[in-house]
Amino acid sequence: MKFDTPATQNPIDQLKIVGHGVDRIDGPLKTTGKAVYAYEHHDTVPDAAVGYVLGAAIAKGRIRAMDIEAARRAPGVLAVVTAQNAGQLGKGKMNTATLLGGPEIQHYHQAIALVVAETLEQARAASRLIRVQYERAPGAFDLAAEKAAGDSAAKKPGKKAGGQPKPDVVGDFEGAYAAAAVKIDHTYRTPDQSHAMMEPHASTAVWEGDALTLWTSNQMVDWGRSDVAKTLGLPKDKVRLISPYVGGGFGGKLFVRADALLAALGARAARRPVKVALARPLVANNTTHRPATIQRIRIGAGQDGKITAIAHESWSGDLPGGNPEEAVQQTRLLYAGANRLTALHLMELDLPEGNAMRAPGEAPGMMALEIAMDEMAEALGMDPVEFRVRNDTQVDPAAPARPFSQRRFIECLRIGAARFGWAERRARPGASRDGRWLVGMGMAAAFRNNLVTDSAARVRLDAAGQVIVETDMTDIGTGSYTIIAQTAAEMLGVPLAKVIVRLGDSAFPVSAGSGGQWGANSSTAGVYAACQKLRAAVLERLGFPAEGAVFADGSVTEAGGRTALLRQAATDGDLVAEDVLEFGDLDKQFQQSTFGAHFVEVAVDAYTGETRIRRMLAVCAAGRILNPKTARSQVIGAMTMGIGAALMEELAIDQRAGFFVNHDLASYEVPVHADIPVQEVIFLDETDPVSSPMKAKGVGELGLCGVGAAIANAITHATGVRVREYPVTLDKLLAGLPDPA
């Protein structure tokens, strides 16, 4: 099915099941422990051996020699896999570094060996017997130092920045900024951060001849299948990936990692099934992370508060061949202003790979931009909400002929301010106290682009009236099973209990996958397309005309009044329909984005600088909300991540050895229940027919983008102290706190 014109009235608009707060249909499996994750296929693979990954002990250099003989002779050991004996390996399209290192080492904890044994304890003990001689090379681990060196080199005559993305320039930023009546120029810093998901990267591999089956924790099954095949040099049809349940990914499982490759290599070497889970330190150092950023923002405005010039530049690091963190995306679209400049700068660092994490780009970008907006409002003497309202735009600022498909940003701001009691906020920082606590309110815009991608599904109707939906879409804890079931039930007029959803298997049609806030809207649109095809097949089988037919209550009624049970269409055999929703160029005609506003109240201890979040509100405009219950769960989870980013999350780098020191859940701090206050979420009643036949958009990442800045702004309002380097820890506040007496 092609989607190249805005959606009109369709069966989803009935909203009998879609749009309701339905309990997650996979909930009972999760709460009773019956949901089977990648490492737990004991019934399907009862004789699996266990693999333990050995990571490199240097960040850059090469292996001079590796002695594995003692490990091979250790009790219970079945095989030891290294780059020397693994055979020729390729590199996946989505990987920056190779997944099995040697002799060259590209980053600390790059996998260099897998020990396969009967038990985890045997494999781990044997890995300690491997003797590795390294030749260490100097590496670059400090983003600020590399930026400074790059700035100095760029100033030398004739020196040009090689391989850097070109700045995006609209109008005359430099001239307009110089002429602006009021202006700011500040630099903000965000740290390296870890995904810290509950389930580590894990895989179980089985070979049958030259065909590989891999149960793995992966958000994007088809991407993963393609990269496993490419890395192993196999035809794609010889690889099957299965990932029905994912215990959190947040972008860290978008791509195949070392656990999947080494499970496959280990199973081939040991000639039996092998399962591999990465130890927690390897989740931080071996897989991907969010890279640190240094962001410079300049804003110029007239005395009327209208922005005349805005520039946002971001510096981040990655391995050679990697990409910058796209922290300036939202600044290109969020606020009006005729003269604009955005630029990304990439520094080559020898740290583990930087990549997508929890709303890539907009999350760290909003952490800087929305503080800058508050600082500009302060310079103008304007209320922060009113300053944002004054600079709203209904068109792409860089291409005014291209309107937003929907943009209810001002409504989000107004509704949020009214609900939160913003009018009661005293403008002067440090003016509100509650005993020893300094109390402040802060807010920030929320923004995330609405991305869509082609998605397919297969739908089957059987003689019992059951509807079976199959697609390789994944559920990373967000409720994919439920919204897909709701879509099929709505389209075919059956109760939810009659729908069976099967996900996360590369044997099923290729879906959008879970990532980028595109999964829910795109995958349900694919199910919509398949159901439309099945509806046509049902009508043909029943001999009913297509025009005016109604599917409801397990029956089909044609315009003339004849009625038949839906299951009668499958009396002579199951009816099966498969289709793909192919998105056209509507995203080129219209800018599709999601909008919101975050409001936060904090209390800061006047004596210690400790910050406590008291209450939070998110107002979201994100198209049709397919399931308000699961959508709210996503947003409050994202808000919680925003608390972590604002107040505690930071990977500490050993600048001598080039690795993340706090690489476990004991030392990498994330929020716990005691940190989380009252959280309220408001969804605007909205549909966007330009987005998809579902008229929905993504919402999960919108709940994160802007939260960190809202917290930082609230802290400034409470204390008068402006911190421009995340996380906002008490040591950065203490010196500037007012006299507690």
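Source: prediction; values computed, not measured.

### What about the overall build of the protein chain?
Within the protein chain, the secondary structure is distributed over 16 helices and 32 strands. The C-alpha radius of gyration of the protein chain comes to 27 Å, within 12% of the 27 Å expected for a compact globule of 741 residues. Counting only C-alpha atoms, the protein chain reaches 80 × 75 × 55 Å along its principal axes. For the protein chain, buried positions account for 61% of its 741 residues. Within the protein chain, residue pairs in contact and separated by at least 24 positions form 80% of the contacts whose partners lie at least 6 positions apart. With 78 positive and 83 negative side-chain charges, the protein chain shows a spacing of 2 Å between the two charge centroids.

### Side note on the pairing of strand E2 (residues 49-55)
With seven of seven residues buried, E2 is to be regarded as a mostly interior element. In E2, alternate side chains face the same way, and those of Ala49, Gly51, Val53 and Gly55 on one face and Val50, Tyr52 and Leu54 on the other are all buried. Pairing geometry for E2 and strand E13 (residues 274-277), over three bridges, is parallel. The residue bridging Ala49 from the neighbouring strand is Val274, located in E13. Sheet analysis places E2 next to strand E6 (residues 111-117), joined by six bridges and oriented antiparallel. Looking at E6, one finds that Val50 is bridged to Ala117.

### Some words on the sheet that holds strand E3 (residues 61-67)
Reading across the sheet, the three strands line up as E5-E3-E7 and stay open at both edges, with antiparallel pairing between neighbours. Sheet topology places strand E5 (104-105) and strand E7 (131-136) at the edges, where each strand pairs with a single neighbour. Sheet analysis places E3 next to E5, joined by two bridges and oriented antiparallel. Note on E5: the bridge partner recorded for Gly61 is Ile105.

### Let's talk about the nonpolar core
Ranked by internal contacts, the top residues of the largest apolar core, which has 89 residues, are Ile299, Leu334, Phe599, Val602, Leu647 and Ile711. Here this core gets eleven residues from one element, more than from any other, and that element is helix H9 (residues 362-380). The contacts of Val602, once residues within four sequence positions are left out, are Leu438, Val439, Gly440, Thr611, Arg612, Ile613, Arg614, Ile711, Ala714, Ile715 and Ala718. In this structure, Tyr481, Ile483, Leu503 and Met694 belong to the second largest nonpolar core, which totals 53 residues.

### A look at unusual backbone geometry
Across the junction of Gly102 and Pro103, the peptide omega takes the value -5 degrees, indicating a cis bond. With respect to the element layout, Pro103 can be found in the loop between strand E4 (77-82) and E5. Even without glycine at this site, Ala359 takes up a positive phi of about 65 degrees. One can find Ala359 in the loop between strand E16 (339-348) and H9. In this structure, Gln517 is a non-glycine residue whose phi angle is positive, near 65 degrees.

### A look at helix H7 (residues 258-270)
Taking 1.5 Å per residue, 13 residues should reach 18 Å; H7 reaches 17 Å between its end C-alpha atoms and fits that length. Of all the positions in H7, only Ala258, Asp259, Ala260, Leu261, Leu262, Ala263, Ala264, Leu265, Gly266, Ala267 and Ala270 are classed as buried. Arg271 lies just past H7 and shows a positive phi near 60 degrees.

### Focus: empty space enclosed by the protein
Tallying each qualifying case throughout the model produces six cavities of 30 Å³ or more. Considered as a void within the structure, the largest cavity measures approximately 60 Å³ in volume. Together, 13 residues line the largest cavity, and Ala363, Met367, Gly642, Ala645 and Leu704 are the ones closest to its centre. Elements with a contribution of two residues or more to the lining of the largest cavity: H9, helix H15 (628-647) and helix H16 (707-719). Broken down by element, the residue count for the lining of the largest cavity peaks at three residues, all from H15. For the lining of the largest cavity, the class distribution of residues is seven nonpolar, four polar and two charged.

### Focus: the confidence of the model for the protein chain
Detailed reading of the predicted coordinates is not advisable wherever pLDDT is low. Within the protein chain, residue pLDDT values average 96, and 98% of them lie at 70 or more. Between the elements of the protein chain, mean pLDDT differs from a low of 87, seen in helix H4 (residues 143-154), to a high of 99, seen in E6. A low-confidence stretch, residues 156-162 (pLDDT under 50), is modelled with two contacts involving residues beyond four sequence positions or located in other chains.

### Topic: the packing of aromatic side chains
By the definition in use, this model includes 13 aromatic pairs. Look at Phe173 and Tyr177: their rings are 5.3 Å apart centre to centre, the planes differ by 20 degrees, and that puts the pair in the stacked class. One end of the pair, Phe173, and the other, Tyr177, are both in helix H5 (residues 173-179), four residues apart, so they sit about a helical turn from each other. Take Phe173: its relative accessible area is 2%, and that puts it in the buried class.

### What to know about the packing of helix H12 (residues 480-492) against helix H13 (residues 519-542)
Orientation of H12 relative to H13, taken along the N-to-C sense of each, is 30 degrees, at an axis distance of 9 Å. Here H12 lies roughly parallel to H13, going by the angle between them. Relative to H13, H12 is oriented so that their crossing is right-handed. On the side of H12, the interface is formed by Ile483, Ile484, Thr487, Ala488, Met491 and Leu492, while H13 contributes Ala520, Ser523, Thr524, Val527, Tyr528, Cys531, Gln532, Leu534 and Arg535. Grouping the amino acids of the contact of H12 with H13 by side-chain chemistry returns ten nonpolar, four polar and one charged.

Basis of the calculations
- Residues numbered from 1 in each chain as written.
- Predicted model: local features only at pLDDT ≥ 70, side-chain atom pairs only at ≥ 80, totals over all residues.
- Heavy atoms only, no water.
- Helix = DSSP H or I, 4+ residues; strand = E, 2+ residues; numbered from the N terminus.
- Rg over C-alpha atoms; globule rule 2.2 N^0.38 Å.
- Buried < 20%, exposed > 50% of the residue type's maximum accessible area, 1.4 Å probe, protein only.
- Contact = heavy atoms within 4.5 Å.
- Lys, Arg positive; Asp, Glu negative; His and termini not counted.
- Charge placed at Lys NZ, Arg CZ, Asp CG, Glu CD.
- Pairing = 2+ DSSP bridges.
- Core = buried A, V, L, I, M, F, W, Y, C linked by side-chain atoms within 4.5 Å.
- Expected span 1.5 Å × (residues − 1).
- 1 Å grid on protein atoms, 1.4 Å probe; cavity = no way out; pocket = protein on both sides within 12 Å on 5 of 7 lines; lining within 4 Å.
- Points joined across faces, edges and corners; volume = space filled by probe spheres on them.
- Nonpolar A, V, L, I, M, F, W, Y, C, P; charged D, E, K, R; others polar.
- pLDDT = per-residue confidence, 0-100.
- Phe/Tyr/Trp six-rings, centres within 6.5 Å; stacked < 30°, edge-to-face > 60°.
- Axes fitted to C-alpha atoms, helices over the stretch in contact; angles between N-to-C directions.
- Parallel < 35°, antiparallel > 145°, perpendicular 65-115°, else oblique.
- Left-handed = near helix turned anticlockwise from the far one by under 90°.

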